[in-house]
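Listed here are the chains, written in short residue letters.
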Amino acid sequence: MRNMKRLIIDCDPGNGVAGANVDDGLALALALAAPEISLELITTVSGNTPSEVGYAVASDLVARLGMSVEVARGASRALIEPSAPWREHLDHKVDKVGLRHLWNGVSAPQINAATAPLAVHKMGELICNNPGEITLIAIGPLTNVALALQLYPQMAAAVKQIVIMGGVFNVEGYLKDTNFGVDPEAAHAVLTCGAKIILVPMDVTTQTMMTHQDLDKLATCDNRLSDFLVATIRPWMDFSMQTRNLPGCWIHDVLTVALLLESTLVNGVEDYVDVSLSGLSRGRTLRYGPENLRLTVNVEPPQGKPVTILQTVDNEALLALIDKNIRQLS
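This is a predicted model, so every value here is computed, not measured.

### Overview of the overall build of the protein chain
At step 1: Counting its secondary structure elements, the protein chain contains 13 helices and 10 strands.
At step 2: The globule rule puts the C-alpha radius of gyration for 330 residues at 20 Å, and the 19 Å found for the protein chain is close to it.
At step 3: Dimensions of the protein chain, computed from the C-alpha atoms along their principal axes, are close to 55 × 45 × 40 Å.
At step 4: Across the 330 residues of the protein chain, 58% fall into the buried class.
At step 5: Restricting to contacts in the protein chain with at least 6 residues of sequence separation, those with at least 24 account for 81%.
At step 6: Of the roughly 14000 Å² that the protein chain leaves accessible, carbon and sulfur atoms contribute 50%.
At step 7: Charge-centre separation for the protein chain: the mean point of 25 positive side chains lies 2 Å from the mean point of 35 negative side chains.

Here's what the structure looks like:
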């Protein structure tokens, strides 16, 4: 595995689940297909889907491809944030808007709620036993990562980098995003832990777009992975078009994997980032390097280290990268 990019992906995939986003599954697919990547562990966390549902989705994908990547279930709820309002919003919106029929005929994963939640230990041990070697991609709420940092405090120094899809600074209609909103305390702990971090916020991921025409092209790959993606992305795309008035769907999470394969896809800046933990702004992402603030009265100094914040993406190049890697998989 010399020169391979060694990854853990911590996620909350929903492919095949009515009303659940599919961008985690696309990120997993790209990591599994790309020859430059060694995906060594998949961990699941409650967010877009409950952790046992995400575990079933990820396990099903790995089994379909006949691969031997380990999948581990993680945290079932946030550190402090009440989970019931989030589960009501995330799990039942599809019925409130009357669109469950979009998933008719789509194969749903088989869920086993009794699976032991071993993700945090497996994550911490793999990173700490291989210092400087493992990139952690976190594309769900950061509960598992925060817990691993508590149990393995050396992990912040041992991890090669943490690539996070989360946060929102200036996207109309969003005071906060789901990943940080579901567990603000975890997001605060990870963003300020001192590890090398690349942040992929909604501000850049909402510059991505996949359409039915892109899926039609992907369908011509005619392999097990493309079949899975086309079948599970189409209903979500229709759902997204009807509920968000988009021409297709955003593909937020896949950008975290794509940037490791082709750094020229994106541009970013460095600054300190944190998350508000109280009041109306609870869960909101804050960017506040002292040298960039004109008014600092009663503003506490930032914690941790500056992170790289992505700002732009070349969507056409991103789609081409996805297609190329999925197409070459036998």
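Having seen it, we continue.
### So, the sheet that holds strand 1 (residues 5–11)
At step 1: Spatially, the eight strands line up as an open sheet ordered 3-2-1-4-5-6-10-7, and their pairing is mixed. The two strands at the open ends of the sheet, each matched to only one other strand, are strand 3 (70–73) and strand 7 (266–271). The sheet shows a mean angle of 25 degrees between the axes of neighbouring strands, direction not considered.
At step 2: Looking at chain direction, strand 4 (residues 134–138) and strand 5 (residues 161–165) are connected through four bridges and run parallel. Its bridge partner lying in strand 5, Leu-136 is registered against Ile-162.
At step 3: Against the sheet, helix 2 (residues 51–65) engages strand 2 (37–44) and strand 3, with an angle of about 170 degrees to strand 3.
At step 4: Each of strand 1, strand 2, strand 3 and strand 4 is contacted by helix 4 (residues 119–128), which is oriented at about 150 degrees to strand 2, the strand it contacts most.

### Details of helix 2
At step 1: For helix 2, built from 15 residues, the straight-helix expectation of 21 Å at 1.5 Å per residue is met to within 8% by its first-to-last C-alpha distance of 21 Å.
At step 2: What helix 2 keeps buried is the set Ser-51, Val-53, Gly-54, Tyr-55, Ala-56, Val-57, Ala-58, Leu-61, Val-62 and Leu-65.
At step 3: Looking at the buried side of helix 2, the elements it contacts are helix 1 (23–33), strand 2, strand 3 and helix 11 (224–244).
At step 4: Just past helix 2, the residue Gly-66 takes up positive phi, approximately 65 degrees.

### Comments concerning the UniProt feature "domain: Inosine/uridine-preferring nucleoside hydrolase" (unreviewed entry) in the protein chain
At step 1: According to UniProt, the "domain: Inosine/uridine-preferring nucleoside hydrolase" (unreviewed entry) feature falls on residues 7–318.
At step 2: Structurally, residues 7–318 is divided into 38% helix and 16% strand, and its ends, taken at the C-alpha atoms, are 20 Å apart.

### So, the side chain of Thr-256
At step 1: Examined against the element boundaries, Thr-256 turns out to sit in helix 12 (residues 254–261).
At step 2: Classification of Thr-256 by relative accessible area gives buried; the value is 0%.
At step 3: Within polar-contact distance, the side chain of Thr-256 engages the backbone oxygen of Asp-253 at 2.7 Å.
At step 4: When residues no more than four places from it in sequence are discounted, the contact partners of Thr-256 are Ile-137, Ile-139, Val-163, Ile-164, Met-165 and Val-200.

### Side note on the side chain of Asp-271
At step 1: Turning to its location among the elements, Asp-271 is positioned in strand 7.
At step 2: Only 2.8 Å separates the side chain of Asp-271 from the backbone nitrogen of Gly-289, close enough to count as a polar contact.

Criteria and cut-off values
- Residues numbered from 1 in each chain as written.
- Predicted model: local features only at pLDDT ≥ 70, side-chain atom pairs only at ≥ 80, totals over all residues.
- Heavy atoms only, no water.
- Helix = DSSP H or I, 4+ residues; strand = E, 2+ residues; numbered from the N terminus.
- Rg over C-alpha atoms; globule rule 2.2 N^0.38 Å.
- Buried < 20%, exposed > 50% of the residue type's maximum accessible area, 1.4 Å probe, protein only.
- Contact = heavy atoms within 4.5 Å.
- Areas by Shrake-Rupley, 256 points an atom, 1.4 Å probe, with all protein chains shown as cover.
- Lys, Arg positive; Asp, Glu negative; His and termini not counted.
- Charge placed at Lys NZ, Arg CZ, Asp CG, Glu CD.
- Pairing = 2+ DSSP bridges.
- Axes fitted to C-alpha atoms, helices over the stretch in contact; angles between N-to-C directions.
- Expected span 1.5 Å × (residues − 1).
- UniProt positions renumbered as here; feature names shortened; annotations may be inferred.
- Polar contact = N/O pair within 3.5 Å; in protein donor to acceptor, adjacent residues only side chain to side chain.

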